[in-house]
Amino acid sequence: MAFNHLPAAMHDALGPLSATPVTDSVPMATNHGPGRPPESGDSRPSPGTVLDRLTAGAGRAARITHTEHLPPRAGRHAVWPDRIRPEVINAIQLAGVDHPWAHQAAAAEHALDGESVVIATGTASGKSLAYLAPVLTTLLEGSEAPNGRGTTALYLSPTKALAADQRRAVKALAAPLGNSVRPAVYDGDTPVEEREWVRQYANYVLTNPDMLHRGILPAHPRWSSFLRSLRYVVIDECHTYRGVFGSHVAQVLRRLRRVCARYGSDPVFLLASATAAEPASAAGRLTGLPVHEVADDASPRGEVVFALWEPPLTELHGEKGAPVRRTATAETADILTDLTLQNVRSVAFVRSRRGAELVSVIAQERLAEVDRSLVGRVAAYRGGYLPEERRALERALHSGELLGLAATTALELGIDVSGLDAVVIAGYPGTRASLWQQAGRAGRAGQGALAILVARDDPLDTFLVHHPEALFQQPVESTVLDPDNPYVLAPHLCAAAAELPLTEADLALFGPAVPELLPQLVTAGLLRRRTTGWYWTRRERAADLADIRGEGGRPVQIVEAGTGRLLGTVDEGASHTAVHDGAVHLHQGRTYLVKQLDLADSVALVEEATPPYSTTARDTTAISVLETDTEIPWGGGRLCYGSVEVTNQVVSFLRRRLITGEVLGESKLDLPPRTLRTRAVWWTVTEDQLDAARVNPEQLGGALHAAEHASIGMLPLFATCDRRDIGGVSVPLHPDTLLPTVFVYDGHPGGAGFAERAFHTAREWLTATREAIASCECEAGCPSCIQSPKCGNGNEPLHKRAAVRLLGELLRSAPPPKTEKPDPPDLPGPRTAEAGAEVTG
């Protein structure tokens, strides 16, 4: 028998790939000048006082497992480089900024020297101004050319909303410069009649990687005058370009550099990241260029109090009688209510749209019990809002009309909400980088800020709130990025050949995997080899081969059954887990039930409903080893990394009560299996090791299964992945290894780098896994340690104590680390599948 587990959306292109340490993770103030009156005159309570009031209720104080105090930091000013035009400096001063922070001036100096640079400083530290000063200077100089467009700049953001916000900000900042700076958004929403004007006259074009990939590069002759003059490429929020998505974007940027060279330009890349580890290295992987880093945050910050909060156990019982904690959603709603009653401006970050709506609704209901006039002081923010609605929310937040906001992480990239008093984070967001990014939203100049992480009932959250050193004394995790993944690289080689025939001179640009891949593309009939290079000769658009945010395949359309209205689409790979029969589907705040998933026509029919539950798909998995790339002896057992083939089938789904998480029932599903070739890490144990760990044959399956569940839950602490990005299988006797084996694999074709990261950090990763299981106070296993909500085997068998003994014996056999870890830099912030169902046969 095999116990296994696959990610919820095994073919989704996610992308936690960023590996970068942060110098200042929680800067809490913006660059204030004489045009912005200081706020230090108001008598707000200190963050410590706010936290004391929150914990004053019965049993509340016991929920705080740790409080970290980050001292205030004074800002360090500098002067702009003398090559910044006086007109630009004047425009910046009119915007209320008299002098730049030291990191802004340093980044501008690199840009003016023609050196690509990444600015990796905290939230609200003025990164935009750091790259805009040299960009506006260059555009101003270019406007004096005979054609009025001697230089141009391209801005890339991961979302349309952020590009639109940046255009408004640039337009306001550059207003004193007249028509010398002409910013324009060019994306899928740009009207056709405006597009030609943008191509011919705009000198600062704001777009996204999707439009660059599908719209600009394939039509590069129409952009020739813009590309010929391209001086700067700005990549904002570059920490979001990770995983498979980041690998695709890396290849799009290489195609951009190639096309620019065709027109005689060699643009400088300016990258901005709120939080990043090894920023220069990560930016270099993304762009393919050497990149300088500016990571010494010189902006000021007030005192920060960061509390770790664990919800209490309830009287409810989950699977196998396991204890169940109060949900992070309900706990966050209570905290947001209390903060609103204290007149504290707050935002609560929630992982899902439904969760954000729930937090808002529960808080409004609680406020209504106290004072109905307070109900309108709390709102929800989710994806799908119009720009005017976002602006209205922003104004309401900054004016104090709105005190509390429950938001998804889309808010990070949607609107400017820096300068709040408190941030509540409902569940660990997956990476330390995201944690500090969200916490950094709190804090105004000269004022302290409160951040609270509310743990969900899962192994990683439980581990972190009881091991604060993992958050506060560790560098931000590495970015995982693999542009050489053949599933990513192949379609971009085709797209590049369609833009300009590929030549021998181009091969080094796209990486070492190209020479082996090109003959395969020729054999497949995708490219044609001629004496002068490789050509795309097919009629269809080559750019359509790469879905940079998905995994390809025909998207499944989500259609309202009664009206025929198209609500949206979901990747084909995610459809089995997201829109199976009976699934609860959320769309712009409305809830629908899936009545039928028609795989033949790629349509999911839904009806609007208000079920009191959410749904979670469960799946089973079988795995076979295709090739072992590398292996290390761990005593008699081995730690291995290589290629595998995974066969997965969604077999059922659970219905869980919304507020409590109580399991209401399980329904079977009849969906076809799917296969995936990917990368995996796996470890084996021998009979001698089992004897030493006192794990008998009756306990073996449960021990392996429990270790697999917990290790999947803990891996996001070591690689920038979500638990949904990875899957696992545990087998008491695997036919390829002939030993008890646990596999953890990437849930993406060709791999995404997560399993490789697990292999290289295996000692630390499995040590944390063992500690997470051993330190849990439950008797036989619970969602906080070894149970998984997506386990297709119904969390059977699991053996908690045997898993602890087995992991302990395995780690005793692990080779010692080769080198000592360097001490993390002195920072005021962070220092820098599970198993599823039985498969037979």
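Since we're looking at a predicted model, the values are computed, not measured.

Rules of the game
- Residues numbered from 1 in each chain as written.
- Predicted model: local features only at pLDDT ≥ 70, side-chain atom pairs only at ≥ 80, totals over all residues.
- Heavy atoms only, no water.
- Helix = DSSP H or I, 4+ residues; strand = E, 2+ residues; numbered from the N terminus.
- Expected span 1.5 Å × (residues − 1).
- Bend = angle between axes of the 7 residues up to and from the residue.
- Buried < 20%, exposed > 50% of the residue type's maximum accessible area, 1.4 Å probe, protein only.
- Contact = heavy atoms within 4.5 Å.
- Phe/Tyr/Trp six-rings, centres within 6.5 Å; stacked < 30°, edge-to-face > 60°.
- Core = buried A, V, L, I, M, F, W, Y, C linked by side-chain atoms within 4.5 Å.
- Salt bridge = Lys/Arg side-chain N within 4 Å of Asp/Glu carboxyl O.

Caption draft 1: View of helix α4 (residues 127-142). Spanning 16 residues, α4 covers 23 Å between terminal C-alpha atoms, matching the ideal 22 Å at 1.5 Å per step. At Ala133, α4 shows its maximal bend, which comes to roughly 25 degrees, and the proline Pro134 appears one to four places after that position. Burial runs high along α4: 14 of the 16 residues are buried.

Caption draft 2: Expanded view of the environment of Ala583. Mapped onto the elements of the fold, Ala583 is located in the loop between α20 (572-578) and β22 (584-587). For the pair Ala583 and Lys595, spaced 12 residues apart in sequence, the C-alpha to C-alpha distance is 8.2 Å. Ignoring any residue separated from it by four or fewer positions in sequence, one finds Ala583 in contact with Ala578, Tyr592, Leu593, Val594 and Thr615.

Caption draft 3: View of the packing of aromatic side chains. According to the stated counting rule, one finds 10 aromatic pairs in the structure shown. With a centroid separation of 6.0 Å and 40 degrees between ring planes, the pair formed by Tyr641 and Phe759 is classed as tilted. Here Phe759 lies in helix α23 (residues 754-760) and Tyr641 lies in strand β26 (residues 637-657), a separation of 118 residues in the sequence. On the accessibility criterion, Tyr641 (9% relative accessible area) is buried. Following the ring pairs from residue to residue traces out a cluster consisting of Tyr186, Trp223 and Phe226.

Caption draft 4: Broad picture of the environment of Thr675. With respect to the element layout, Thr675 can be found in strand β28 (residues 674-684). Note on Thr675: relative accessible area 53%, which makes it exposed. Through-space distance from the C-alpha of Thr675 to that of Thr647 is 4.4 Å; in sequence the pair is 28 residues apart.

Caption draft 5: Fine view of the nonpolar core. Formed by 87 residues in total, the largest nonpolar core has its most connected members in Phe306, Trp683, Leu717 and Trp765. The leading source of residues in this core is helix α22 (residues 697-714), at eight residues. When near neighbours in sequence (up to four residues on either side) are disregarded, Trp683 contacts Arg638, Leu639, Leu704, Ala707, Pro740, Thr741, Val742, Leu766, Leu806, Leu807 and Leu810.

Caption draft 6: Local environment of the pattern of salt bridges. On inspection of all chains with the given rule, the structure shows 33 salt bridges. Ionic pairing is found between Arg168 and Asp165, a salt bridge with its closest N-O pair at 2.5 Å. With Arg168 and Asp165 both in helix α5 (residues 160-173) and three residues apart, the pair spans about one turn of that helix. In this structure Asp165 comes out as buried when scored by relative accessible area, which is 12%. Here Arg812 and Glu809 are joined by a salt bridge, their closest N and O atoms 3.1 Å apart.

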